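Take a look at the letters that make up each chain.
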Amino acid sequence: MSQQYNIAVVGASGAVGEEIFRVLSEHAFPVASILPLASANSAGESIECCGKNYTIEELTETVFEGRDIDIAFFSAGGSISEKYAPYAVEAGAVVIDNTSHFRMDPNVPLVVPEVNPEDIAAWRETGIIANPNCSTIQMVLALKPLYDLYGSMKRVDVATYQATSGAGKKGMEELVKQMQDFFAFKLDETQIEAFQHQIALNVIPHIDVPQPNGYTKEEMKMVNETNKILHADIAVSATCVRVPVLRSHSEAVTVTFDEGVDVDLDKVRLALSAFPNVEVMDDLENAIYPMPIVSTDTDTTFVGRIRKDTYAPNILHLWVVADQIRVGAATNSVRIAEKWIEMERV
């Protein structure tokens, strides 16, 4: 019988935590037991995973002691990971952290398994593996085969169209409530809590905290994380926008390759199609291209609207769409765990 693993999930009642349970079940992950953890408000609630029911327990400083946890998924916010992840590591678990807290720590590997699986080996430095930002994950899944195809890239410009689920359950609920208020002719009375402005029938070019350079923290995550994952020095500029979509992020990506590169669209499509968990949908004549309704509830990153720039032969334009709760969070976390197991068995 193959080895099974004791799993903890911190943030078990949140959108990503719930999705992690689904992905573990769908991937037939070798689970021995599950320890679902959340705040005192959610303690006592029941979750189902891999055909068994488990009761959520309160996350405390001592909850990992004597539990023999092998893998602990964290998805409850940066401050929670900062405080409690060291307790999980001290108790013997490898932590796979879905928050931004550890991502740029030089001693913590930042991993997209299809892109830089070799970095997982550095987990022993801290006992922690960081899961990148959701928008970064789907973008580097499209960039990596192109980087390999042409040997490098000079610049990446990206505009994101991010779903309300990026703000968790409260973000999705706020969009639904505001749309209900719109159809009830009560939009002028609607509550605005999850976002800076009304999100229904609107787009908001503001995600996360403003930075001194005029970008937001979300945008700088994409800049810094992309280079750490690809082990590169690429000029990256991002504009991150919240849109009234429930789930799945979309990105308009422009890649500038080195001078002298003449982009070959057939080779680009072939490289993307051959890359793990990437699917090309690119038939504009027949209105076939990635959209949130196509990617939602899948583990695939979809790429379309692939076209060469009309002015410069070394510039390529892409449209990239993925379910950010799965590809950008839960599925990437589980894939990290699967690759970690594979590497530890060698």
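Here is a short report on the structure shown in this document. Predicted model, so just to flag it, every value in this text is computed and none were measured.

1. Some details on the overall build of the protein
Helix and strand content of the protein: eight helices and 14 strands. Against the 2.2 N^0.38 benchmark of 20 Å for 346 residues, the protein shows a C-alpha radius of gyration of 20 Å, consistent with a compact globule. Every one of the 346 residues in the protein was classed for burial, and the buried ones make up 52%. For the protein, contacts bridging at least 24 residues in sequence account for 67% of all contacts bridging at least 6. Put simply, the protein shows about 15,200 Å² of open surface, and 51% of that area lies on carbon and sulfur atoms. The distance from the centre of the 27 positive side-chain charges to the centre of the 49 negative ones in the protein is 1 Å.

2. Here we look at the nonpolar core
One finds F64, F74, M153, V253, L272 and L318 to be the most contacted residues of the largest nonpolar core, which totals 58 residues. Ranked by the residues each element gives to this core, the list is headed by helix α3 (residues 134–150), at eight residues. If we skip the residues at most four places from it in the chain, F74 touches V10, F64, I80, S81, Y84, A85, A88, V95, I96, D97, N98 and T99. I7, I20, F21 and I47 belong to the second-largest nonpolar core, a separate cluster that totals 32 residues.

3. A word on the sheet that holds strand β13 (residues 301–308)
With mixed pairing, the six strands of this open sheet are ordered in space as β10-β9-β11-β14-β13-β12. Edge positions in the sheet fall to β10 (235–242) and β12 (278–280), since each has one partner strand and no second. Between one strand axis and the next, the sheet turns through 20° on average, direction left out of account. Strands β12, β13 and β14 (315–322) of the sheet are contacted by helix α6 (residues 265–274), whose axis makes an angle of about 175° with β13.

4. Side note on the pairing of β13
Sheet topology places β12 next to β13; three bridges connect them, and they run parallel. Pairing of V280 across the sheet is with V303, part of β13. By the bridge criterion, five bridges tie β13 to β14 in an arrangement that is antiparallel. Among the inter-strand pairings, R307 is bridged to a residue of β14, identified as H317.

5. Quick notes on helix α8 (residues 326–345)
For α8, the principal kink sits at N332 and spans about 40°. Buried residues dominate α8, accounting for 14 of its 20 residues.

6. Some thoughts on the sheet that holds strand β2 (residues 31–38)
Here six strands make up an open sheet; going across it, the order is β5-β2-β1-β6-β7-β8 and the pairing parallel. The outermost strands of the open sheet, each flanked by one partner alone, are β5 (57–58) and β8 (128–130). As defined by bridge partners, strand β7 (residues 94–97) adjoins β8 across three bridges and the pair is classed as parallel. Bridge assignment links D97 to a residue of β8, and that residue is A130. Along the sheet, helix α1 (residues 15–26) contacts β1 (5–10), β2 and β6 (71–74); its crossing angle with β1, the most-contacted strand, is approximately 155°. Where α8 meets the sheet, it contacts β1, β6, β7 and β8, and its direction lies at approximately 160° from that of β6.

7. Here we look at the packing of α3 against α6
α6 packs onto α3 with a crossing angle of 125° between their chain directions and a minimal axis gap of 9 Å. Judged by the inter-axis angle, α3 sits oblique to α6. In terms of crossing hand, the pair formed by α3 and α6 is right-handed. Where α3 approaches α6, its residues A142, P145, L146, L149 and Y150 are matched on the opposing element by K267, V268, A271 and L272. In terms of residue class, the contact of α3 with α6 is built from eight nonpolar, no polar and one charged.

8. Some remarks on the packing of aromatic side chains
Geometrically, a pair of aromatic rings is defined through the distance of the ring centres and the angle of the planes. A complete count under the given rule lists seven aromatic pairs for this structure. Taken together, a centroid distance of 6.3 Å and an interplanar angle of 50° make the contact between Y84 and Y87 tilted. You can see Y84 and its partner Y87 sitting in helix α2 (residues 78–90), three residues apart, about one turn around the helix. Exposure remark for Y84: the relative accessible area of 12% places this residue in the buried category. Ring pairs connect the aromatic residues Y5, W123 and W340, which therefore count as one cluster.

9. A closer look at the side chain of E218
Counting through the fold element by element, E218 comes out in helix α5 (residues 217–230). A polar atom in the side chain of E218 sits 3.2 Å from the side chain of N133. Not counting the four nearest positions on each side in its chain, E218 is found in contact with N133, S135, Q162, I207, D208 and C240.

Here is what the cut-offs are and how they apply
- Here the residue numbering is sequential within each chain, running from 1 through the sequence in written order.
- Residues qualify for local features only when their pLDDT is at least 70, as the model is predicted, and side-chain atom pairs are given and counted only at 80 or more; totals for whole chains, interfaces and linings, by contrast, use all residues.
- Excluding hydrogens and water, the side-chain figures rest on all heavy atoms present in the structure.
- Runs of E in the DSSP output that reach at least two residues are strands. Runs of H or I that reach at least four are helices, and both are numbered from the N terminus.
- For this measure, only C-alpha atoms enter the radius of gyration; the expected value for a globule follows 2.2 Å times N^0.38, where N is the number of residues.
- When a residue's accessible area, from a 1.4 Å probe over protein chains only, is under 20% of the maximum for its type it is buried; when over 50% it is exposed; and in between it is partly exposed.
- A contact between two residues is defined here by any heavy atoms of the two lying within 4.5 Å.
- Note on areas: Shrake-Rupley with a 1.4 Å probe; residue coverage comes only from the protein chains shown.
- We treat Lys and Arg as the positive residues and Asp and Glu as the negative residues; His and chain ends play no part in the count.
- By convention, the charge on Lys lies at NZ, on Arg at CZ, on Asp at CG and on Glu at CD.
- Nonpolar cores were defined as sets of buried Ala, Val, Leu, Ile, Met, Phe, Trp, Tyr and Cys residues, with membership established by side-chain atoms within 4.5 Å.
- Two strands are counted as paired when DSSP detects at least two bridges linking them.
- Here the axes come from fitting lines to C-alpha atoms, over the contacting stretch only for helices, and the angles between their N-to-C directions go from 0 to 180 degrees.
- Throughout, bend refers to the angle between the axes fitted to the seven residues that end at a position and the seven residues that start at it.
- What sets the label is the angle itself: under 35 degrees gives roughly parallel, over 145 gives roughly antiparallel, 65 to 115 gives roughly perpendicular, and the rest give oblique.
- Take the far helix as your reference; a near helix turned counterclockwise from it by less than a right angle gives a left-handed crossing, and one turned clockwise gives a right-handed crossing.
- Polar here means any residue other than Ala, Val, Leu, Ile, Met, Phe, Trp, Tyr, Cys and Pro, which are nonpolar, and Asp, Glu, Lys and Arg, which are charged; Gly is therefore polar.
- Any two of the Phe, Tyr and Trp rings considered here, Trp counted by its six-membered ring, make a pair once their centres fall within 6.5 Å; the pair's planes then place it as stacked at under 30 degrees, edge-to-face at over 60, or tilted in between.
- The definition of a polar contact used here is a pair of N or O atoms within 3.5 Å, where within protein one atom must be able to donate a hydrogen and the other to accept one, and adjacent residues in sequence count solely through side-chain atom pairs.

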